[in-house]
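# A closer look at the structure
What follows is the residue order along each chain.
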Amino acid sequence: MCFLFPSYRGINEATMNKTIPDGVYPTLITPYEENGRIDWNALETLIEWHIAHGVAGFFAVCQSSEMFHLTLRERLELARMSIKFSRDRVPVLVSGHVADTLYDQIEEAKMMTDTGADALILVTNRLARPYEGNDIFKRNLETFLTAFDRDILLGFYECPAPYKRLLNADLVQFIVETGRFGFLKDTSCRIGDMKAKIEAAKGSNFKLFNANAATLLASLQKGASGYSGIMTHFHSDLYVWMCKHWNDQPDRALELQDFLGLASVIEYQLYPINAMYALQREGLPIKLISRRADARLFTESMRLEVEQLMGLSHRFSEAYRE
């Protein structure tokens, strides 16, 4: 691998060669108390629930965490507490990359890194405006990396908000050659795009994690390293099984994929309220409170849809128990 930018300060060879485990990385939601503050007890319970289901790690302070609706102090504290509750059992990746100006992004990234996270995940749409090309993206990334002197593995997230900016194979190759990046949460929902990115990163420690349930099995077959999406809050154990056994039990994996893909249409409901309701049904002390969605819009029909989905999900969990 040819590193284009050998002058980045404070970066050692161990970081350049660092990697994260394959598997499932839930996009952690933020539970709230009735007074609107973050409910740390509920967050700890949620993390324990996911770890019990065998997840490889967590993606915290992301869009599912409502990072655009949290203050800087809340984002930093959410990262610290997610790391604390994980207790070094699994890696915790954090984002919170929401600032507009490049200077503010760099300063916030330094503060987020100092929380002790295993990797810092940048949001692709923060490095260029919708009307700006990839040349601007590359230039801003170079500026960011030159000024960002923290020794931590980096990643990218193709966050849909405030607009979706997808990486192409050329950008992936450019990113890989910096020697700093080892993670991509892909939201393209297109097998061809994912395959091209995986090929562009071949031979490096850069891993692609699919956020789209319908294309999961096909993406794993093309070389994706796992799943990082919102459906983990409905049945993370099934995604863990898929990522572990898609290759050695192909027929069962195909059957499970049919269910996971269809089940994922629940995403078009009132998220994250519907996920919070599903977790309530699992016995977790999570209230139906969100800063991005109004729980009053969560209709009786929506509740029944979640209940019926979870009933079917439990049948698959019994059938695919490790």
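You'll find the structure just up there.
Turning to the packing of helix α10 (residues 250-263) against helix α12 (residues 300-319), a few remarks are in order. Close contact between α10 and α12 brings their axes to 12 Å; oriented N to C, the two are set at 165 degrees. If you check the angle between α10 and α12, you find them roughly antiparallel. The crossing of α10 and α12 is left-handed. Contacts between α10 and α12 involve R252, E255, L256, F259 and A263 from the first element and L309, L312, S313, F316 and A319 from the second. Grouping the constituent residues of the contact of α10 with α12 by class yields 7 nonpolar, 1 polar and 2 charged.

On to unusual backbone geometry, then. In the segment running from A161 into P162, the intervening peptide bond is cis, with an omega of -5 degrees. Among the structural elements, P162 can be located in the loop between β5 (153-157) and α6 (169-176). The peptide bond linking Y271 to P272 adopts the cis configuration, its omega dihedral lying at 5 degrees. In this structure, R87 is a non-glycine residue whose phi angle is positive, near 55 degrees. Summarising the element assignment, R87 is placed in the loop between α3 (72-86) and β3 (92-94). Located in the positive-phi region is C189, a residue other than glycine, with phi close to 65 degrees. We classify C189 as partly exposed; its relative accessible area is 38%.

Okay, the nonpolar core next. In terms of nonpolar packing, the biggest core is built from 111 residues, with V94, L120, F137, L141, F156, F181 and L256 touching the most fellow members. At 7 residues, helix α9 (residues 232-245) tops the list of elements feeding residues into this core. The residues touching F137, leaving out its near neighbours within four places in the chain, are T124, L127, A128, F156, R165, L167, L171 and I175.

Two modes of strand pairing occur in sheets, parallel and antiparallel, and in both the strands are linked by backbone hydrogen bonds. The 8 strands are arranged β1-β8-β7-β6-β5-β4-β3-β2 in an open sheet whose pairing can be described as parallel. Because the sheet does not close on itself, it has two edges, and the strands there are β1 (23-24) and β2 (58-60). Looking at chain direction, β1 and strand β8 (residues 226-227) are connected through 2 bridges and run parallel. Across the sheet, the residue bridging to V24 is Y227, located in β8.

Moving on, we get to the pairing of strand β4 (residues 119-123). For β4, the buried fraction is high: 5 of the 5 residues fall into the buried class. Residues A119, I121 and V123 line one face of β4 and the alternating positions L120 and L122 line the opposite face, and both faces are buried. Pairing geometry for β3 and β4, over 2 bridges, is parallel. Paired with V94 across the strands is L120, a residue of β4. You can see the chain leave β3, run along helix α4 (residues 102-113) and come back into β4, and the turn it takes is right-handed. Across 5 bridges, the pairing between β4 and β5 is parallel. In the strand pairing of β5, I121 is matched with G155. Handedness of the β-α-β unit built from β4, helix α5 (residues 134-147) and β5 comes out right-handed.

Our focus in this paragraph is helix α2 (residues 40-52). For α2, with 13 residues, the first-to-last C-alpha span of 18 Å sits near the 18 Å given by 1.5 Å per residue. Looking at α2, one finds that the buried residues are A42, L43, L46, I47, W49, H50 and I51. The secondary structure elements touched by the buried residues of α2 are β2, α3, α9 and α11 (273-281). At the C-terminal side of α2, G54 shows a positive phi close to 90 degrees.

How each quantity is defined
- Residues numbered from 1 in each chain as written.
- Predicted model: local features only at pLDDT ≥ 70, side-chain atom pairs only at ≥ 80, totals over all residues.
- Heavy atoms only, no water.
- Axes fitted to C-alpha atoms, helices over the stretch in contact; angles between N-to-C directions.
- Helix = DSSP H or I, 4+ residues; strand = E, 2+ residues; numbered from the N terminus.
- Parallel < 35°, antiparallel > 145°, perpendicular 65-115°, else oblique.
- Left-handed = near helix turned anticlockwise from the far one by under 90°.
- Contact = heavy atoms within 4.5 Å.
- Nonpolar A, V, L, I, M, F, W, Y, C, P; charged D, E, K, R; others polar.
- Buried < 20%, exposed > 50% of the residue type's maximum accessible area, 1.4 Å probe, protein only.
- Core = buried A, V, L, I, M, F, W, Y, C linked by side-chain atoms within 4.5 Å.
- Pairing = 2+ DSSP bridges.
- Right-handed = clockwise from strand over helix to strand, strands pointing away.
- Expected span 1.5 Å × (residues − 1).

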